Amino acid sequence: MDSDAAVPFAGLTGRGARIAIIDSGVHPDHPHIDAARLAGGVAVGKDGTITDSPADGPPLDRLGHGTAVTAAIQEKAPGADCLTVRVFDDSLRTTAAALVAAIDWSVGQRADIINLSLGSTNAAHRDLFLRATERAAAAGALLVAAREADGVPCWPGSLP
């Protein structure tokens, strides 16, 4: 058996793909970040208000989680362009309105993959997330998110 056949996506770099990373921002000067592959970004307030990224770079990560997620994605897909969408500012908590605005912004930026290393267990938000994921799917974007936490469904990751 060919050694590449045993490894899914062996030899692929993500070149040509746009990946939106909805998280806490990114530190472009971090040694594990390829700043040349950062393709812009925004900050999203808890009310869903979008603030354009400053001219000097993407929304800065104050918590470290978004930088770690971006580094992991860049390690596996070094040729992909990464869009930074900061929904976490001073803690790893946000609102459904912010997440939906972030998903919709990512769709508007023609993201091929929208990564949320998070999820809400609040079932009251299910339908709101369902409509956002349907808009993403209609645009051809693949949404990647946590499916469950301790056996409890997480939204939007538990949606089809």
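Please read these numbers as outputs of a predicted model, since none were measured by experiment.

Caption draft 1: The overall build of the protein chain, seen in detail. The helix and strand inventory of the protein chain stands at 3 helices and 8 strands. Secondary structure elements of the protein chain occur, N-terminal to C-terminal, as β-β-β-α-β-α-β-α-β-β-β. At 16 Å, the protein chain has a C-alpha radius of gyration in line with the 15 Å of a compact globule built from 160 residues. Counting only C-alpha atoms and orienting by the principal axes, one finds that the protein chain spans roughly 50 × 40 × 30 Å. Here the protein chain, with 160 residues, has 39% of them falling under the buried criterion. Long-range contacts, defined as pairs at least 24 residues apart, comprise 79% of the intrachain contacts of the protein chain with a sequence gap of at least 6. Just so you have it, the protein chain exposes about 8,700 Å², and 54% of that area is on carbon and sulfur atoms. One way to put it: in the protein chain the 13 positive side-chain charges average out to a point 4 Å from where the 19 negative ones average out.

Caption draft 2: Highlighting the sheet that holds strand β2 (residues 38-44). On the basis of which strands lie adjacent, the open sheet formed by 6 strands has the order β3-β2-β4-β1-β5-β6 and mixed pairing. Two strands close off the open sheet at either side, each with one partner strand: β3 (50-52) and β6 (142-145). Between one strand axis and the next, the sheet turns through 20° on average, direction left out of account. Examined bridge by bridge, β2 and strand β4 (residues 81-86) share 4 bridges and lie parallel to one another. Bridging across to β4, Val42 finds its partner in Val85. Taken strand by strand, helix α1 (residues 65-76) contacts β1 (18-23), β2, β4 and β5 (113-116), and its axis lies near 155° from that of β1.

Caption draft 3: Summary view of α1. Compared with the 16 Å implied by 1.5 Å per residue over 12 residues, the 17 Å span of α1 between its first and last C-alpha is a close match. Where α1 is buried, its residues meet β1, β2, β4 and β5.

Caption draft 4: Quick look at the pattern of salt bridges. This model, assessed by the stated rule, comprises 6 salt bridges. Of the charged contacts, one joins Lys76 and Glu75 as a salt bridge, the two residues approaching to 3.9 Å between their closest N and O atoms. Here Lys76 matches Glu75 in class, with each residue exposed. The salt bridge involving Arg86 is made with Asp89; its shortest N-O contact spans 3.9 Å. The class of Arg86 is buried, set by a relative accessible area of 14%. Overlapping salt bridges, with partners in common, bring together Arg62, Arg86 and Asp89 in one network.

Caption draft 5: Summary view of helix α3 (residues 126-138). Given a rise of 1.5 Å per residue, 13 residues ought to cover 18 Å, and the 18 Å separating the end C-alpha atoms of α3 matches this to within 8%. Those residues of α3 that sit buried are Phe129, Ala132, Thr133 and Ala136. Buried residues along α3 cover an arc of 100° about the axis, so they all sit on one side. Buried positions along α3 lie against α2 (96-108), β5 and β6. Of the residues trailing α3, Gly140 is marked for its positive phi of about 90°.

Caption draft 6: A look at the packing of α2 against α3. One can describe the packing of α2 onto α3 by two numbers: an axis separation of 9 Å at closest approach and a directional angle of 5°. The angle between α2 and α3 falls in the class roughly parallel. Residues Ala96, Leu99, Val100, Ile103, Asp104 and Val107 of α2 lie in contact with α3, whose contacting residues are Leu128, Phe129, Ala132, Arg135 and Ala136. Across the contact of α2 with α3, the residue classes break down as 9 nonpolar, no polar and 2 charged.

Calculation notes
- Residues numbered from 1 in each chain as written.
- Predicted model: local features only at pLDDT ≥ 70, side-chain atom pairs only at ≥ 80, totals over all residues.
- Heavy atoms only, no water.
- Helix = DSSP H or I, 4+ residues; strand = E, 2+ residues; numbered from the N terminus.
- Rg over C-alpha atoms; globule rule 2.2 N^0.38 Å.
- Buried < 20%, exposed > 50% of the residue type's maximum accessible area, 1.4 Å probe, protein only.
- Contact = heavy atoms within 4.5 Å.
- Areas by Shrake-Rupley, 256 points an atom, 1.4 Å probe, with all protein chains shown as cover.
- Lys, Arg positive; Asp, Glu negative; His and termini not counted.
- Charge placed at Lys NZ, Arg CZ, Asp CG, Glu CD.
- Pairing = 2+ DSSP bridges.
- Axes fitted to C-alpha atoms, helices over the stretch in contact; angles between N-to-C directions.
- Expected span 1.5 Å × (residues − 1).
- Salt bridge = Lys/Arg side-chain N within 4 Å of Asp/Glu carboxyl O.
- Arc of directions from axis to C-beta.
- Parallel < 35°, antiparallel > 145°, perpendicular 65-115°, else oblique.
- Nonpolar A, V, L, I, M, F, W, Y, C, P; charged D, E, K, R; others polar.

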